[in-house]
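Chain by chain, the residues run as shown.
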Amino acid sequence: MRSFHTATAGLTCMFALAVTGCSAGSDDTADAAPPTLQPTASADDSPSESTSTTTSYAPYVSATEASDNDSAGSPTAYNLAFVISDGSDCTPKWNGTTALSDSATKSRIAQLTQDGATVRVSFGGASGKELAASCDSASELAAAYGKALDAAGAGQADFDIEGDELTDSDSVDLRSEAIALLQKERSDLEVSFTLPVMPSGLDDDSLALLESANEHDVQVSTVNIMTMNYGESYDGDMGDYALTSAKAAHTQLKKLFGTSDAGAWKGMALTSMLGVNDVDGETFALDDAAQVREFAEEKGVGWVSMWATFRDQECGDDSSADDALTNCSGVDQEEGAFAEAFSG
């Protein structure tokens, strides 16, 4: 997603947050728990309803700058974008520029969570330098991730891996090792991976990343697919493409995890780029958002999201094309209309 800078047996365990006896190294012994997908419960689920099919709404927001549309649709969680390296070493900063200890950012996070919503720290994004490409060891990287989570008061971590970072096998493995270390220290840490997708499904690099996570015993709650940026040849209906992509990814995840239809859907999230995109001809309309929401509820998808709350407004008359990619949607709409469509 745009930043603020302008099938192995072991895979059946990968999503499980708390499956006794189930790990990447598990064999089919009698005392091993059966493969079970246990994605994150929705914020409005009670502990006894962890398998509820309720689809949450969890938009991406700026970690440092408030938007009037942040609370539209009453999100149950916010994805705080993004924590990356400061560009010189293994120092985590908001957007690579703002210190984790920044008082204004802390106040912003407190405002977002005052009505009960949680925050998920999103590491990576489309621009800047992801921490796994900057840190020298898994322990150093785990510590950097932990500092960001502590600064936000978060128990949820999202890793938005795309572009060159997705094809760098060394940083992929280092990240997996670091997340596994972090989860040993924080047994309740919920991890999601945000990955690019096509109407044909997840590509080989994304699948390799998930395999790496599994090999290192990372427990993943959700695979969040970015239903966007398909390329100029995909000039049809964006809502239809989103559903086609989700169905293809669902087939892959079901096979990889050996889980049920419902379990694979609950372990998936869908994130759309609202309005216009930087791919010619790709415009995700309000009707598309409503279509995705209806589909997600029907299938029991874990959560839906969008990039991003600060774009959920109509552009002014004097706005440029660049504005429509950074701070407005580029389509006719009321403020917060996409949030309302995605939240149902």
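Numbers given for residues are sequential positions, taken from 1 along each chain in its written order. Thresholds applied to this predicted model are a pLDDT of at least 70 for local features of residues and 80 or more for the giving and counting of side-chain atom pairs; totals over whole chains, interfaces and linings are not thresholded and use all residues. Only hydrogens and water are removed before side-chain values are computed, so all heavy atoms of the structure are retained for them.

Asks: Could you clarify how one ought to interpret the packing of aromatic side chains in this entry?
Replies: Note on aromatic pairs: each is described by the distance of the centres and the angle between the planes. Stacked, edge-to-face and tilted are the three classes for Phe, Tyr and Trp ring pairs, Trp counted by its six-membered ring, which pair at centre distances within 6.5 Å; planes under 30 degrees apart are stacked, over 60 edge-to-face, the rest tilted. One pass over the structure, following the stated rule, counts 13 aromatic pairs. Note on F123 and F159: the rings are 5.2 Å apart at their centroids and 15 degrees apart in plane angle, and the pair reads as stacked. Of this pair, F123 sits in strand β6 (residues 118-124) while F159 sits in strand β7 (residues 156-160), and the two are 36 residues apart along the sequence. Each member of the pair, F123 together with F159, is buried. Judged by centre distance (5.4 Å) and plane angle (85 degrees), the rings of Y234 and Y241 are edge-to-face. Judged by its relative accessible area of 17%, Y241 is buried. Only DSSP runs of H or I covering at least 4 residues are called helices, and only runs of E covering at least 2 are called strands; the numbering of each starts at the N terminus. Each residue's exposure class comes from its accessible area (1.4 Å probe, protein chains only) as a fraction of the maximum for that residue type: buried when under 20%, exposed when over 50%, partly exposed otherwise.

Asks: Which parts of the structure should I look at to understand the pairing of strand β13 (residues 303-307)?
Replies: Residues in a regular strand point their side chains to alternate faces of the sheet. Within β13, 5 of the 5 residues are buried, which leaves it mostly tucked inside the rest of the structure. Pairing of strand β1 (residues 56-57) with β13 involves 2 bridges; the strand directions are parallel. Within β13, the position partnered with S56 by the bridge is W303. Note on pairing: two strands pair once DSSP finds at least 2 bridges between them. Bridge count between strand β10 (residues 268-273) and β13: 5 bridges; the pairing is parallel. When the bridges of β13 are listed, M273 appears paired with W307.

Asks: Please explain the environment of G96 as it appears in this structure.
Replies: For G96, the position within the fold is in the loop between β4 (92-94) and β5 (98-99). Each C-alpha atom, one on G96 and one on F82, is 8.2 Å from the other, the two residues being 14 residues apart in sequence. For this analysis, residues touch if any pair of their heavy atoms sits within 4.5 Å. Beyond its immediate chain neighbours, meaning those up to four positions away, G96 contacts I84, S85 and D86.

Asks: Please explain unusual backbone geometry as it appears in this structure.
Replies: Most peptide bonds take the trans configuration, and most residues that are not glycine carry a negative phi. A cis geometry characterises the amide bond from A81 onward to F82, with omega recorded as -20 degrees. Mapping F82 onto the fold places it in strand β3 (residues 77-85). In this chain, W307 is followed by A308 through a cis amide linkage whose omega measures -5 degrees. As for its placement among the helices and strands, A308 is situated in the loop between β13 and α9 (321-326). Despite not being glycine, S74 shows a phi value in the positive range, around 50 degrees. When you line up the elements, S74 lands in the loop between β2 (60-62) and β3. Take S74: its relative accessible area is 60%, and that puts it in the exposed class. Backbone geometry at D217 places phi at a positive 65 degrees, although glycine is not the residue there. Along the chain, D217 turns up in the loop between α5 (204-215) and β9 (222-227). Under the relative-accessibility criterion, D217 is labelled partly exposed at 37%.

Asks: Is there a simple way to explain a negative patch on the surface in this structure?
Replies: Taken together, D170, D173, E177, D203, D204, D205, E211 and E215 make up a surface patch of like negative charges. Mapped by element, the contributors of at least two residues to the negative patch are α4 (169-185) and α5. With 4 residues, the top contributor of residues to the negative patch is α5. Tracing the backbone shows E177 in helix α4. Under the relative-accessibility criterion, E177 is labelled partly exposed at 38%. A patch is a set of surface residues, each over 30% in relative accessible area and not in a salt bridge, joined within 9 Å for like charges and within 5 Å for the nonpolar side chains Val, Leu, Ile, Met, Phe, Trp and Tyr. Surface accessibility in these figures is a Shrake-Rupley result with a 1.4 Å probe; residues are shielded only by whichever protein chains are displayed. In what follows, salt bridge is the name for a side-chain nitrogen of Lys or Arg lying within 4 Å of a carboxyl oxygen of Asp or Glu. Neither His nor the chain ends contribute to the count of charged residues, in which Lys and Arg are positive and Asp and Glu negative. The atoms used to mark charge sites are NZ of Lys, CZ of Arg, CG of Asp and CD of Glu.

Asks: I keep staring at the confidence of the model for the protein chain and nothing clicks. Help me out?
Replies: Detailed reading of the predicted coordinates is not advisable wherever pLDDT falls low. Scored between 0 and 100, pLDDT is the confidence that the predictor attaches to each residue. In this model, the protein chain carries an average pLDDT of 87, and 85% of its residues clear a pLDDT of 70 or more. Taken as a whole, residues 4-38 scores under 50 in pLDDT and shows 77 contacts with residues more than four places along the chain or in a different chain. Counting contacts from residues 40-52, a segment whose pLDDT is below 50, to residues more than four positions away or on other chains yields 20 contacts.

Asks: Can you walk me through the packing of α4 against α5 in this structure?
Replies: Packed helix pairs are specified by the crossing angle of their axes together with the interaxial distance, meaning the distance between the axes. Structural elements are reduced to axes, namely lines fitted to C-alpha atoms, with helices fitted over the stretch in contact, and the angle between N-to-C directions of any two is expressed from 0 to 180 degrees. At a minimum axis separation of 8 Å, α4 and α5 run at an interaxial angle of 35 degrees. In terms of crossing hand, the pair formed by α4 and α5 is right-handed. For the pair α4 and α5, the contacting residues are V172, D173, R175 and S176 in the first and L209, S212 and A213 in the second. Split into classes, the residues belonging to the contact of α4 with α5 amount to 3 nonpolar, 2 polar and 2 charged. A clockwise turn of the near helix away from the far one marks a right-handed crossing, whereas an anticlockwise turn of less than a right angle marks a left-handed crossing. Throughout, the ten residues Ala, Val, Leu, Ile, Met, Phe, Trp, Tyr, Cys and Pro are labelled nonpolar, Asp, Glu, Lys and Arg are labelled charged, and all others, Gly among them, are labelled polar.

Asks: Explain the pattern of salt bridges here, please?
Replies: Where charged atoms of side chains with opposite charge meet at close range, the side chains can pair. Going through the model one piece at a time under the given rule, you end up with 5 salt bridges. The shortest N-O distance in the salt bridge between R175 and E130 comes to 3.2 Å. On the criterion of sequence distance, the pair formed by R175 in helix α4 and E130 in the loop between β6 and α2 (138-152) is long-range, its members being 45 residues apart. Between E297 and R293 there is a salt bridge, with its nearest N and O atoms 3.0 Å apart. With a gap of 4 residues between them, E297 and R293 both fall in helix α8 (residues 286-299), about one helical turn apart. For E297, a relative accessible area of 43% corresponds to the partly exposed category. Judged by relative accessible area, which is 7%, R293 ranks as buried.

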